[in-house]
Amino acid sequence: LVLVGHTAQASHVWRGAYPTMLATASKAIGAQTAALPTNYRSAQAVVAVANAIEIGMARDEGRQPPVLARTARAVLGRVAALSEAHDPVDEAEAVAQHVQRQVLAGRAPSDIAILCRTNAQAALFERALVVAKVGACRLASAGRKPMYQDPLVHDFMAYCVLSQRDAVSCLKRIANRPTRFISREQLAAVEARVRSGTGLLDVLKTAARGTGREAAAFQALYAPIRDLRNAKWPDAARLAAEILLPRETSCVGSAPDDNKRDTLDSLVLWARRCADVTQLVSELDQTSVVETRTGVSLAEIRTANKVAVATLHAAKGLEWPVVYLSCSHGALPHHRSSDVPERMAEERRLFYVGTTRAADELFFSWSAYRLDGTTIAGPSTFLTWLAPKRGERPLVEDWGNVGTRIVDAAAIQPLARRSSASASPPLAKTPATPVKPPLAVLAAMPMILTGEMVVAARKLAREESANLAVQAAALDRAMDACHAVAVHRDAQRTWDVPVQAGLGWCFGLRVFSGL
């Protein structure tokens, strides 16, 4: 019996790929371990990053570091961080432009892959590559249908079209999404009146009059379409998403609802870049070809000489000379995994898998905000494993793109939570107004905005609120809004302490009291 595998790459737990099967084989069945530390794929810079990640994983999980890899290649390679984008659409466009420059410089498109955590992110990268006129294909993953075949996407587009014109075909599609118990015969009567020249809103308003079940059903249909007509573009797109999946009734933390929410949020962000619904429909039509034309296997993508777009799960076991890895906090690690140790362990392994897909060049990208456009994201906390140590050469070129995300914790404006019942406000790039903390020395303390450790931040707030009663209300308002990793260095000591943004005052008392 021979067991072959790598505990840091066991990323399909739902299929039974448990890392403990390898880690405990020596005790369970008396297996002898033969380490194979030589890496024949990746350049020196990529292997150095992979080793740092493995050390960080072991430290976070409280175990001994594994045998580190060494490369058989004499190529130095390159690992770099791109500049922070405002939101996932901006991130996708920045990566597409970077890819475009590589292709113009002579790099074959089939040598390049863009890897991300979710299918909703992948759709935005596909759209950006189409706009940049760079050929791309989605790498197929087992059991997943193309996003553009998702009925939810078709329903969203139908509502968007109805926001600007009388489209009976769209009305038929969404009449019972959500369920309103409108019969086919009733819809046929509406269609006949619209085709005779009566406006759609007038027909629905007339049908909604009365007190019976039929009137109530049409009132439930008339109201959202009326609101869509009154909303300006692209606010109408956001309203369409709310009609299909209201935030106050969706189950936050539920995989099905969260996946639907991510899909709708990505479409709303996409719509913000379009002048009207006609442009959105046109771009969706062009981008849908990316998934349905040749995105079946890696071999077909390489034959077609296209850039591969794939989720981290689909990329397992594959390699490319150049890899772009999207690693925004909340996506990697995924926000749904933050409170579950087993899921967080798999998120770490997914990050390792993504970095080790690169043979020559690896680029990290991220955005300041998540797909919903309001929740702060920032660079993944996993990137802190790659922070340069004192006196050592940075593992990541342009590390300043990560490290310069430095703000005063007290200056960060709390933003709406994902579960907020109110509609998301329009995106804004207004800088936060600085707030002077009670400790003057705290104002100079740098903080890298990345996210993580909500539980630790809450505990810290509870412990300190008794001594800081005046600031308790402000701390409560900041809770769950945004997070930060405070990094304070002096000549003798270094602290890398995750702390929630807005808790800077309490954190400062902790740090400067010697903790």
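In the block above lies the structure referred to throughout.
*Asks:* Looking at this model, I keep getting lost on the overall build of the protein. Mind explaining?
*Replies:* For the protein, the helix and strand inventory stands at 20 helices and 11 strands. Counting the 515 residues in the protein, one finds 51% classified as buried. Within the structure as shown, the protein displays about 24,000 Å² of accessible surface, and the carbon and sulfur contribution to it stands at 54%.

*Asks:* How should the packing of helix H9 (residues 200–207) against helix H10 (residues 213–230) be read in this particular structure?
*Replies:* Packed helix pairs are characterised by how far apart their axes lie and by the angle those axes make with each other. Across the interface, H9 lies against H10 with an axial gap of 8 Å and an inter-helix angle of 150 degrees. When the axes of H9 and H10 are compared, the crossing they make is left-handed. Every residue of H10 that contacts H9 at Leu200, Leu201, Leu204, Lys205 and Ala207 is listed here: Glu214, Ala215, Phe218, Leu221, Tyr222, Ile225, Arg226 and Arg229.

*Asks:* I'm lost on the pattern of salt bridges in this one. Help?
*Replies:* Note that side chains of opposite charge can pair when their charged atoms are close. According to the stated counting rule, one finds 19 salt bridges in the structure shown. Residue glutamate 61 is joined to arginine 63 by a salt bridge in which the shortest nitrogen-to-oxygen separation is 2.8 Å. By relative accessible area, which is 34% here, arginine 63 ends up partly exposed. A salt bridge links glutamate 397 to arginine 78, with the shortest nitrogen-to-oxygen separation between them at 3.0 Å. In this pair, glutamate 397 sits in the loop between strand S8 (358–365) and helix H17 (400–403) while arginine 78 sits in strand S3 (residues 78–81), placing the two residues 319 residues apart along the sequence. Of the residues examined, arginine 78 reaches a relative accessible area of 30% and is grouped as partly exposed.

*Asks:* What should I look at first to understand helix H8 (residues 184–195) in this one?
*Replies:* The periodicity of an α-helix, 3.6 residues per turn, causes residues three or four positions apart to be oriented the same way. The terminal C-alpha atoms of H8, which comprises 12 residues, lie 16 Å apart, in line with the 16 Å expected from a rise of 1.5 Å per residue. Buried positions along H8 lie against helix H7 (168–174), H9 and H10. Phi turns positive, to about 115 degrees, at glycine 197, one or two residues after H8.

*Asks:* Whenever I open this one, the side chain of aspartate 360 confuses me. Can you help?
*Replies:* Among the secondary structure elements, aspartate 360 is positioned in strand S8. A polar side-chain atom of aspartate 360 sits 2.7 Å from a polar atom in the side chain of arginine 73. With sequence-adjacent residues up to four places away left out, aspartate 360 is seen in contact with Ala43, Val46, Arg73, Gly77, Arg78 and Pro321.

*Asks:* Explain H10 here, please?
*Replies:* Its 18 residues place the ends of H10 26 Å apart at the C-alpha level, agreeing with the 26 Å of an ideal helix rising 1.5 Å per residue. Three or more residues of H10 are buried, namely Ala215, Ala217, Phe218, Leu221, Tyr222, Ala223, Pro224, Ile225 and Leu228. Buried residues along H10 sit against helix H6 (151–162), H7, H8, H9 and helix H11 (235–244).

*Asks:* Even after reading the chapter, I still don't get the packing of aromatic side chains, so can you show me in this structure?
*Replies:* The description of two aromatic rings rests on the distance between their centres and on the angle between their planes. Tallying each qualifying case throughout the model produces five aromatic pairs. Geometrically, the ring pair formed by phenylalanine 351 and phenylalanine 364 is stacked, given 6.0 Å between the ring centres and 25 degrees between the ring planes. Here phenylalanine 351 is found in helix H16 (residues 341–355), whereas its partner phenylalanine 364 is found in strand S8, with 13 residues between them in sequence. For phenylalanine 351, a relative accessible area of 0% puts it in the buried group. Through a chain of ring-to-ring contacts, the aromatic side chains of Phe351, Phe364, Phe382 and Trp385 assemble into a single cluster.

*Asks:* When you look at a nonpolar patch on the surface in this model, what are you seeing that I'm missing?
*Replies:* Side chains of Leu1, Leu3 and Ile29 sit close together on the surface and give an oily, nonpolar patch of about 380 Å² of accessible area. For isoleucine 29, the position within the fold is in helix H2 (residues 25–29). Judged by relative accessible area, which is 55%, isoleucine 29 ranks as exposed.

*Asks:* Would you explain the sheet that holds strand S7 (residues 320–326) in this entry?
*Replies:* Either a parallel or an antiparallel arrangement is found when strands of a sheet pair, and the pairing is made through backbone hydrogen bonds. In space, the six strands of this open sheet follow the order S3-S8-S7-S4-S6-S5, with parallel pairing throughout. Among the strands making up the open sheet, the edge pair consists of S3 and strand S5 (136–138). The average undirected angle you get between the axes of adjacent strands in this sheet is 20 degrees. Two elements, strand S4 (residues 112–116) and S7, share four bridges in a ladder whose sense is parallel. Its bridge partner lying in S7, leucine 115 is registered against leucine 325. Of the strands in this sheet, S4, S5, strand S6 (307–311) and S7 are in contact with helix H5 (residues 119–131), which crosses S6 at around 165 degrees.

Each value, and the rule that gives it
Residues numbered from 1 in each chain as written. Predicted model: local features only at pLDDT ≥ 70, side-chain atom pairs only at ≥ 80, totals over all residues. Heavy atoms only, no water. Helix = DSSP H or I, 4+ residues; strand = E, 2+ residues; numbered from the N terminus. Buried < 20%, exposed > 50% of the residue type's maximum accessible area, 1.4 Å probe, protein only. Areas by Shrake-Rupley, 256 points an atom, 1.4 Å probe, with all protein chains shown as cover. Axes fitted to C-alpha atoms, helices over the stretch in contact; angles between N-to-C directions. Left-handed = near helix turned anticlockwise from the far one by under 90°. Contact = heavy atoms within 4.5 Å. Salt bridge = Lys/Arg side-chain N within 4 Å of Asp/Glu carboxyl O. Expected span 1.5 Å × (residues − 1). Polar contact = N/O pair within 3.5 Å; in protein donor to acceptor, adjacent residues only side chain to side chain. Phe/Tyr/Trp six-rings, centres within 6.5 Å; stacked < 30°, edge-to-face > 60°. Patch = residues over 30% accessible without salt bridge, like charges linked within 9 Å, V, L, I, M, F, W, Y side chains within 5 Å. Pairing = 2+ DSSP bridges.

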